[in-house]
Amino acid sequence: MKIALVLGSGGFRGPAHAGVLARLEELRVPIDAIVGCSVGGVVGAYYAALGLRSEELLDHGFGVRARGLLSHGILMRHRVPFRSTLLRWAAPVRDRLGLLDGATFDTLHHGVREIGFLMLDLERRERIFVSTGREKGFTLSEAVRASARLPVLFPPLVKEVDGLTRRLVDGALASPTPIGHAVAFPIAASHVIAVNLSRSRSRGPYSEVGRWRTALGDRLVFLEPAPGRSGARGGRRYVSAWYRAGYDSIRDEDAARIAGWLADDSERRTSEPSPVREEVGP
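Residues numbered from 1 in each chain as written. Predicted model: local features only at pLDDT ≥ 70, side-chain atom pairs only at ≥ 80, totals over all residues. Heavy atoms only, no water.

**Structural notes on the overall build of the protein chain**
Consideration 1: Looking only at helices and strands, the protein chain features 10 helices and eight strands.
Consideration 2: Counting across all 282 residues of the protein chain, residues that qualify as buried make up 52%.
Consideration 3: At a minimum sequence separation of 6, the contacts of the protein chain that also span at least 24 residues come to 72%.
Consideration 4: Accessible area of the protein chain: about 14,000 Å², with a carbon and sulfur share of 52%. (Helix = DSSP H or I, 4+ residues; strand = E, 2+ residues; numbered from the N terminus. Buried < 20%, exposed > 50% of the residue type's maximum accessible area, 1.4 Å probe, protein only. Contact = heavy atoms within 4.5 Å. Areas by Shrake-Rupley, 256 points an atom, 1.4 Å probe, with all protein chains shown as cover.)

What follows is the structure, encoded as structure tokens:
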């Protein structure tokens with residue numbers, strides 16, 4: 001059995017991913033792979049590649065406001081006015097992203113063995129998916145930044161991939177909750193826990209998510225955190241509300257289903273015959 005955690009897009013709702021991770025840690029659920037896009041890719045990288053724990057991820061959610069993200073996006077363009085002011089406003093965002101510069105795809109934490117990021121080639125409308133062992137020339141920091149580059153707000157990341165010059169943007173434009181990339185090669189997970197923070201395209205019965213929910217059946221736990229009142233985006237109350245919503249989104253029946261996966265896998269491993277050990281004579 002191989003369990004993948006899929007962390008979808010959702011902007012400022014990202015603290016919900018940290019809440020889910022906290023609950024999974026409490027339940028002692030082994031996560032073999034993390035697949036993400038947009039804020040899900042960012043949270044997944046902080047957790048698996050930097051080794052931050054769920055409570056540390058929550059701390060990183062504070063201080064990132066819309067003004068900071070907008071300032072960061074403007075600073076990525078040339079010849080901008082009021083640069084010193086924009087640098088001050090964007091500092092929380094830039095400092096947090098800077099932590100990823102030394103991270104790699106193959107030095108991972110918390111038992112995670114693989115991590116993958118989805119992005120979209122804006123011109124060709126092709127999905128680009130990179131993961132541990134199939135980095136396609138990306139550093140982990142590049143993959144995270146490309147996967148979270150929402151068009152208009154951020155300029156595309158221009159990079160040669162598979163012999164073609166790509167203009168890469170937020171993978172959520174292709175798949176807000178990329179379950180398919182967790183199941184397909186090279187991740188090839190047998191079981192999936194997916195966190196959906198998108199309220200539109202991914203919920204319909206004919207959506208990509210709808211198809212995967214049908215195909216995977218009991219091998220998919222599909223989570224949709226939804227707090228009540230949450231206050232201003234990026235504020236302390238907002239971050240705490242979404243964190244709690246993520247934690248609470250794993251209901252008793254979800255926990256029981258995951259426990260069933262683990263029990264079945266343990267039983268299967270126990271019932272498998274031990275390999276025959278032949279003694280080699282002198």
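**Some remarks on the nonpolar core**
Consideration 1: Core analysis: the largest hydrophobic core is formed by 57 residues, its most contacted members being Leu 5, Leu 24, Ile 31, Ile 34, Phe 117, Leu 140 and Ile 193.
Consideration 2: For this core, the element with the highest residue contribution is helix α2 (residues 39-49), accounting for eight residues.
Consideration 3: When neighbours within four sequence positions are excluded, Phe 117 is seen to be in contact with Gly 36, Gly 41, Ala 45, Phe 105, Ile 128, Phe 129, Val 130, Leu 140, Ala 143, Val 144 and Ser 147.
Consideration 4: Core analysis: the next-biggest nonpolar cluster, separate from the first, contains 18 residues, Val 6, Ala 33, Val 209 and Leu 220 among them. (Core = buried A, V, L, I, M, F, W, Y, C linked by side-chain atoms within 4.5 Å.)

**Here we look at the packing of aromatic side chains**
Consideration 1: In this structure the tally under the stated criterion is two aromatic pairs.
Consideration 2: When the centroid spacing of 6.0 Å and the interplanar angle of 75 degrees are considered together, the rings of Phe 105 and Phe 117 count as edge-to-face. Placement of Phe 105 in the loop between α5 (83-98) and β3 (114-121) and of Phe 117 in strand β3 is noted, with a sequence separation of 12 residues between them. Here Phe 105 and Phe 117 have matching classes, each one buried.
Consideration 3: Judged by centre distance (6.3 Å) and plane angle (45 degrees), the ring pair of Tyr 238 and Trp 242 falls under tilted. Of the two residues, Tyr 238 and Trp 242 are both situated in helix α9 (residues 236-248); the distance of four residues between them amounts to about one turn of the helix. Pair check on accessibility: Tyr 238 and Trp 242 agree, each one buried.
Consideration 4: If you follow Lys 159 out to its NZ or CZ, it ends over the ring of Phe 138, 5.2 Å from the centre. (Phe/Tyr/Trp six-rings, centres within 6.5 Å; stacked < 30°, edge-to-face > 60°. Lys NZ or Arg CZ within 6 Å of the ring centre and 35° of its normal.)

**As for the pairing of strand β5 (residues 157-161)**
Consideration 1: Burial along β5 is one-sided: Leu 157, Lys 159 and Val 161 are buried, while Val 158 and Glu 160, pointing the other way, are not.
Consideration 2: Both β5 and strand β6 (residues 164-170) contribute to a ladder of five bridges, which runs antiparallel. Along β6, the bridge assignment pairs Val 158 with Arg 167.
Consideration 3: Here β5 folds back onto β6, and the loop between the two strands holds two residues, one of which, Asp 162, carries a positive phi near 55 degrees. (Pairing = 2+ DSSP bridges.)

**A short note on the environment of Val 158**
Consideration 1: Considering the arrangement of structural elements, one finds Val 158 in strand β5.
Consideration 2: For the pair Val 158 and Ala 146, spaced 12 residues apart in sequence, the C-alpha to C-alpha distance is 8.9 Å.
Consideration 3: Apart from the residues lying within four places of it in its own chain, the contact partners of Val 158 are Thr 165, Arg 166 and Arg 167.

**Describing unusual backbone geometry**
Consideration 1: A cis amide bond links Phe 185 to the next residue, Pro 186, at an omega of 10 degrees.
Consideration 2: For Pro 186, the location among the structural elements is in the loop between α7 (179-183) and β7 (191-195).
Consideration 3: Although it is not a glycine, Ser 38 adopts a positive phi angle of roughly 55 degrees.
Consideration 4: In this structure, Ser 38 sits in the loop between β2 (33-36) and α2.
Consideration 5: Located in the positive-phi region is Ala 188, a residue other than glycine, with phi close to 55 degrees.
Consideration 6: Among the structural elements, Ala 188 can be located in the loop between α7 and β7.

**Remarks on the packing of helix α1 (residues 15-27) against α9**
Consideration 1: Two elements in contact, α1 and α9, have axes whose closest approach is 6 Å; the angle formed by their N-to-C orientations is 40 degrees. Looking at the two axes, α1 sits oblique to α9. As α1 packs across α9, the resulting crossing turns out to be right-handed. Along the contact surface, α1 presents Pro 15, Ala 16, Ala 18, Gly 19, Val 20, Ala 22, Arg 23 and Glu 26, while α9 presents Val 239, Trp 242, Tyr 243, Gly 246 and Tyr 247. (Axes fitted to C-alpha atoms, helices over the stretch in contact; angles between N-to-C directions. Parallel < 35°, antiparallel > 145°, perpendicular 65-115°, else oblique. Left-handed = near helix turned anticlockwise from the far one by under 90°.)

**What to know about the confidence of the model for the protein chain**
Consideration 1: Of all residues in the protein chain, 80% attain a pLDDT of 70 or more, and the chain-wide mean is 86.
Consideration 2: Residue range residues 276-282 is modelled with pLDDT below 50. Its contacts to residues more than four positions away, or to other chains, number zero contacts. (pLDDT = per-residue confidence, 0-100.)

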